[in-house]
Structure formats: C-alpha cells, structure tokens
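Okay, here's what each chain looks like letter by letter:
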Amino acid sequence: VTRLACRLYLGVEEREPVPIDVSPEELAEYAGVYANPWSDIELRIEGGRLVDHTTFKAGFPTKDTPPLPPPPPAPLAFYDADRVFIIEGPYKGRFADFVRDAEGRIAWFRTGGRLHRAAAS
C-alpha cells in the first residue's frame, strides 16, 4: 500500500531490491534464535540462504488467546549489509534488518516493525 501511495501521490517509484551473494561464513553470523514476548524467530541456513522459521508464543488481543499457527518458512535474501527481504511465499517482498550493538555484534532482528532480541549464545 505504501509503495502504491508513494507512486500515485508523490510520483516516487521505489526500486525492487536486488539480492546480493553472501558466503556461508557470513550467513553463520546471522543464524540463530531471536525472541520477543510474542514470538520466536529461528533463522536457519538452508540451501545456502537464511530461512525464517517463526513460532508464535502468545495470542492476540490478550496473552490468554491461543497463539496462531506458525507461518510457512520464509527464505530471505540480503540486498545490503544487515538488510534482507523475503523472496517467496505469502510474505514475499517484506523487509527486515539486523540491528547491531555498540560493539558491532548483532543484537536484534527487526521484522514487521517489531524487534526480536538475539538469544545469548
């Protein structure tokens, strides 16, 4: 909707991201579990790319509401340093990024406007 509104009302055309190659060694830095009170996201390396496996822990609108079933795994592609997008499936085109701490370590995975803290290793 945002892209359409920008194009129609502002004349701004957002370019589609172009996937970049990331080595298996580089991918390993991003793989792991990221959590917030509502969901866990496990990023696994599968077929040479990161794949998002989300599990919901709490429902909406209250914590007592049963959690939603997990969405299908979502393969990710990097288009810039610490920035990814979903390349196929029902969430195709959604963006996410990794947020680093002051020491340069990956501390958070931000997707859908929500932060997920990297699990301690």
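Higher on the page you've got the structure.
All values reported here derive from a predicted model rather than from experimental measurement. (Residues numbered from 1 in each chain as written. Predicted model: local features only at pLDDT ≥ 70, side-chain atom pairs only at ≥ 80, totals over all residues. Heavy atoms only, no water.)

(A) Structural view of the overall build of the chain. A count of helices and strands for the chain gives two helices and eight strands. Listed by position from the N terminus, the elements making up the chain come as α-α-β-β-β-β-β-β-β-β. The principal-axis extents of the C-alpha atoms in the chain amount to approximately 45 × 40 × 30 Å. Evaluated residue by residue, the chain yields a buried proportion of 26% over its 121 residues. A separation of at least 24 residues holds for 30% of the contacts in the chain among residues at least 6 apart in sequence. For the chain, the accessible surface area stands at approximately 8,400 Å², while carbon and sulfur atoms represent 56% of it. Counting 15 positive and 18 negative side-chain charges, the chain places the centres of these two groups 6 Å from one another. (Helix = DSSP H or I, 4+ residues; strand = E, 2+ residues; numbered from the N terminus. Buried < 20%, exposed > 50% of the residue type's maximum accessible area, 1.4 Å probe, protein only. Contact = heavy atoms within 4.5 Å. Areas by Shrake-Rupley, 256 points an atom, 1.4 Å probe, with all protein chains shown as cover. Lys, Arg positive; Asp, Glu negative; His and termini not counted. Charge placed at Lys NZ, Arg CZ, Asp CG, Glu CD.)

(B) Main features of the sheet that holds strand 8 (residues 114–118). Spatial strand order, 1-2-3-4-5-6-7-8: eight strands in a closed barrel with antiparallel pairing. Strand-to-strand twist in this sheet, taken as the mean axis angle between neighbours without regard to direction, amounts to 30°. Pairing analysis gives eight bridges linking strand 2 (residues 39–46) to strand 3 (residues 49–56), with the strands arranged antiparallel. Note on strand 3: the bridge partner recorded for D40 is T55. (Pairing = 2+ DSSP bridges. Axes fitted to C-alpha atoms, helices over the stretch in contact; angles between N-to-C directions.)

(C) Summary view of the pairing of strand 1 (residues 32–35). Where strand 1 lies against strand 2, four bridges are found, and the strand directions are antiparallel. By the bridge assignment, G32 is partnered in strand 2 with L43. Hairpin connection between strand 1 and strand 2: a loop of three residues separates the two successive antiparallel strands. Bridge analysis of strand 1 against strand 8 gives two bridges, and the strand direction is antiparallel.

(D) Structural detail: the side chain of D52. With respect to the helices and strands, the residue D52 is situated in strand 3. R94 is the oppositely charged side chain nearest to the buried, salt-bridge-free D52, at an N-O distance of 8.8 Å. With near-sequence residues (within four places) excluded, D52 lies in contact with I41, E42, L43, P72, P73, A74, L76 and F109. (Salt bridge = Lys/Arg side-chain N within 4 Å of Asp/Glu carboxyl O.)

(E) Quick peek at the pattern of salt bridges. Per the counting criterion, the structure on display carries nine salt bridges. In this structure, R44 and E42 form a salt bridge, with 3.4 Å as the shortest nitrogen-oxygen distance. E42 sits in the partly exposed class, given a relative accessible area of 33%.

(F) Representation of the packing of aromatic side chains in the model. Inspection of the entire model under this criterion finds nine aromatic pairs. Geometrically, the ring pair formed by Y30 and F98 is tilted, given 4.6 Å between the ring centres and 55° between the ring planes. Residue Y30 is found in helix 2 (residues 24–30), and its partner F98 is found in strand 6 (residues 95–100); the two are separated by 68 residues along the sequence. The two residues Y30 and F98 agree in class, both being buried. By the ring-pair criterion, three or more aromatic residues cluster together here, those being Y30, Y34, F78, F98 and F109. (Phe/Tyr/Trp six-rings, centres within 6.5 Å; stacked < 30°, edge-to-face > 60°.)

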